[in-house]
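One letter stands for each residue in the lines below.
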Amino acid sequence: MNPFRDENPDTPEDELVNDYLWELNADRKRTHFVTEVLRNFEAYLSQRVWLQEVEEADALVIQGYIVGMAVRESSIDCMKRHIEVLSDFYEYLLERGQVSENPVAGANLPDRED
């Protein structure tokens, strides 16, 4: 039982995501943003029939998620914040031995246009 989930019923479904949010122990604003990003990423993954778990995502899946944000006309800064959250989450999974590499590290991601 995850106390974070008990206090926040709108958190994502994946248990690893909830464990990460619990251990993140960030301020409420940061936790809300991270929860929103991970919930959006879970929704994206749920549309891919070949993926069952967040641990199965690879660099191409991450790129697809970011391209989808670009299609929805998200700003570069918004995409970078999402990338940062996903990278931190996959680093957490890497430290726990849930994934063998951080798929965000291998993704071709947008650069800031000056």
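Since the model is a prediction, treat every value here as computed from it, not as a measurement.

### Things to note about helix α5 (residues 76-95)
Structurally, the α-helix is built with 3.6 residues per turn, so residues lying three or four positions apart point the same way.
Phase 1 of the analysis: Compared with the 28 Å implied by 1.5 Å per residue over 20 residues, the 28 Å span of α5 between its first and last C-alpha is a close match.
Phase 2 of the analysis: Every buried residue of α5 is listed here: Cys 78, Met 79, His 82, Ile 83, Val 85, Leu 86, Phe 89, Tyr 90, Tyr 92 and Leu 93.
Phase 3 of the analysis: Among the residues trailing α5, Gly 97 stands out with phi positive, at a value near 75°.

### Focus: the packing of helix α2 (residues 15-24) against α5
Each pair of packed helices can be summarised by the angle the axes make with each other and by the distance between the axes.
Phase 1 of the analysis: Taken N-terminus to C-terminus, the directions of α2 and α5 make an angle of 100°; their axes are 11 Å apart at the nearest point. Taken together, the axes of α2 and α5 lie roughly perpendicular to each other. Within the contact between the two elements, α2 uses Leu 16, Val 17, Asp 19, Tyr 20 and Glu 23 and α5 uses Val 85, Asp 88, Phe 89, Tyr 92 and Leu 93.
Phase 2 of the analysis: For the contact of α2 with α5, the residue count by class is seven nonpolar, no polar and three charged.

### Structural notes on the packing of aromatic side chains
Phase 1 of the analysis: In this structure the tally under the stated criterion is five aromatic pairs.
Phase 2 of the analysis: Between the aromatic rings of Phe 41 and Tyr 65, the centroid separation amounts to 5.2 Å while the plane-to-plane angle is 85°, which identifies the pairing as edge-to-face. Here Phe 41, found in helix α3 (residues 28-46), pairs with Tyr 65, found in helix α4 (residues 59-71); they are 24 residues apart in sequence, far enough to count as distant.
Phase 3 of the analysis: Using a relative accessible area of 1% as the deciding quantity, one classes Phe 41 as buried.
Phase 4 of the analysis: Here Phe 41 and Tyr 90 contribute two aromatic rings whose centre-to-centre distance is 6.3 Å and whose plane-to-plane angle is 90°, an arrangement assigned as edge-to-face. In this pair, Phe 41 sits in helix α3 while Tyr 90 sits in helix α5, placing the two residues 49 residues apart along the sequence. Each of the two residues, Phe 41 as well as Tyr 90, counts as buried.
Phase 5 of the analysis: Cluster of aromatic residues (ring-pair linked, three or more members): Phe 41, Tyr 44, Tyr 65, Phe 89 and Tyr 90.
Phase 6 of the analysis: Above the face of the Tyr 44 ring, Arg 48 is positioned so that its terminal group lies 3.8 Å from the ring centre.

Criteria and cut-off values
Residues numbered from 1 in each chain as written. Predicted model: local features only at pLDDT ≥ 70, side-chain atom pairs only at ≥ 80, totals over all residues. Heavy atoms only, no water. Helix = DSSP H or I, 4+ residues; strand = E, 2+ residues; numbered from the N terminus. Expected span 1.5 Å × (residues − 1). Buried < 20%, exposed > 50% of the residue type's maximum accessible area, 1.4 Å probe, protein only. Axes fitted to C-alpha atoms, helices over the stretch in contact; angles between N-to-C directions. Parallel < 35°, antiparallel > 145°, perpendicular 65-115°, else oblique. Contact = heavy atoms within 4.5 Å. Nonpolar A, V, L, I, M, F, W, Y, C, P; charged D, E, K, R; others polar. Phe/Tyr/Trp six-rings, centres within 6.5 Å; stacked < 30°, edge-to-face > 60°. Lys NZ or Arg CZ within 6 Å of the ring centre and 35° of its normal.

None of the figures reported here should be taken as evidence of function without further support.
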